[in-house]
Structures are given as structure tokens and as C-alpha cells.
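Secondary and tertiary structure notes
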Amino acid sequence: MYIDVDKTGRPLQCRMGENNIPPDQRFWYCRAFLEDWHGKPEVKDGVPVRTTLKRFVLTASEKHQKALDAARKKFFQEHPDERQSCYPK
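Residues numbered from 1 in each chain as written. Predicted model: local features only at pLDDT ≥ 70, side-chain atom pairs only at ≥ 80, totals over all residues. Heavy atoms only, no water.

1. A closer look at the overall build of the protein chain
The number of helices and strands found in the protein chain is two helices and five strands. Tracing the protein chain from N to C terminus, the helices and strands come up as β-β-α-β-β-β-α. A globule of 89 residues ought to have a C-alpha radius of gyration of about 12 Å, yet the protein chain, at 19 Å, is considerably larger. Summarising its shape, the C-alpha atoms of the protein chain cover approximately 55 × 30 × 20 Å along the three principal directions. Evaluated residue by residue, the protein chain yields a buried proportion of 19% over its 89 residues. When contacts within the protein chain are restricted to residue pairs at least 6 apart in sequence, those whose partners lie at least 24 apart make up 49%. Roughly 7200 Å² of accessible area belongs to the protein chain as shown, and the carbon and sulfur atoms make up 53% of that amount. Once the 17 positive and 13 negative side-chain charges of the protein chain are each reduced to a mean point, those two points are 1 Å apart. (Helix = DSSP H or I, 4+ residues; strand = E, 2+ residues; numbered from the N terminus. Rg over C-alpha atoms; globule rule 2.2 N^0.38 Å. Buried < 20%, exposed > 50% of the residue type's maximum accessible area, 1.4 Å probe, protein only. Contact = heavy atoms within 4.5 Å. Areas by Shrake-Rupley, 256 points an atom, 1.4 Å probe, with all protein chains shown as cover. Lys, Arg positive; Asp, Glu negative; His and termini not counted. Charge placed at Lys NZ, Arg CZ, Asp CG, Glu CD.)

Here it is, written out as C-alpha cells:
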């Protein structure tokens, strides 16, 4: 993900690079970054400048999510004393 930031590090624009995010969800990823994210601006000659930051974004595939769910289920079966609320999903 490429994020254009102003001199203060606030995002101005978002563009997707190579990723595995479904096309119908890319808008929402960019929107989340634009609304909730703040970066560190680049400094040139001691002065912050507008720049483009590159961030690595990856979403779990359905296969990966199923494996995580199975591991979570197994963990709680093996550790009945653990509270599931302490391990957010």
C-alpha cells in the first residue's frame, strides 16, 4: 500500500500495490488507513516534507483463517483454565 502523507504525517491519498486483498475490499482498507492512521513524515534537511510511504498489508486467506480457528479451538480444549475473552479473535 502506498500512502501519500503531508508534512505532519497525516494521510492524503492511498494506492494499492501488489497484494492479496480482494478487489471489493481494497476501498475499505484504504479508507481505514486514511481515517485512522498517522505516519512519520520524511525529513529532508531538517524539514518535514510531503512524501509517499510504503506499507506492507496482507490479509489472511480463508485457508489461513480456518487453520487459526482450529488452533484456537485446540488451545482452549487443552487449556480449560484460560478465558477466551483474554484472547480476542
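Back to the write-up after that little detour.
2. Observations regarding unusual backbone geometry
Glycine aside, residues mostly have negative phi, and peptide bonds are mostly found in the trans state. One non-glycine residue, aspartate 45, lies in the positive phi region at around 55 degrees. As for its placement among the helices and strands, aspartate 45 is situated in the loop between β3 (42–44) and β4 (47–49).

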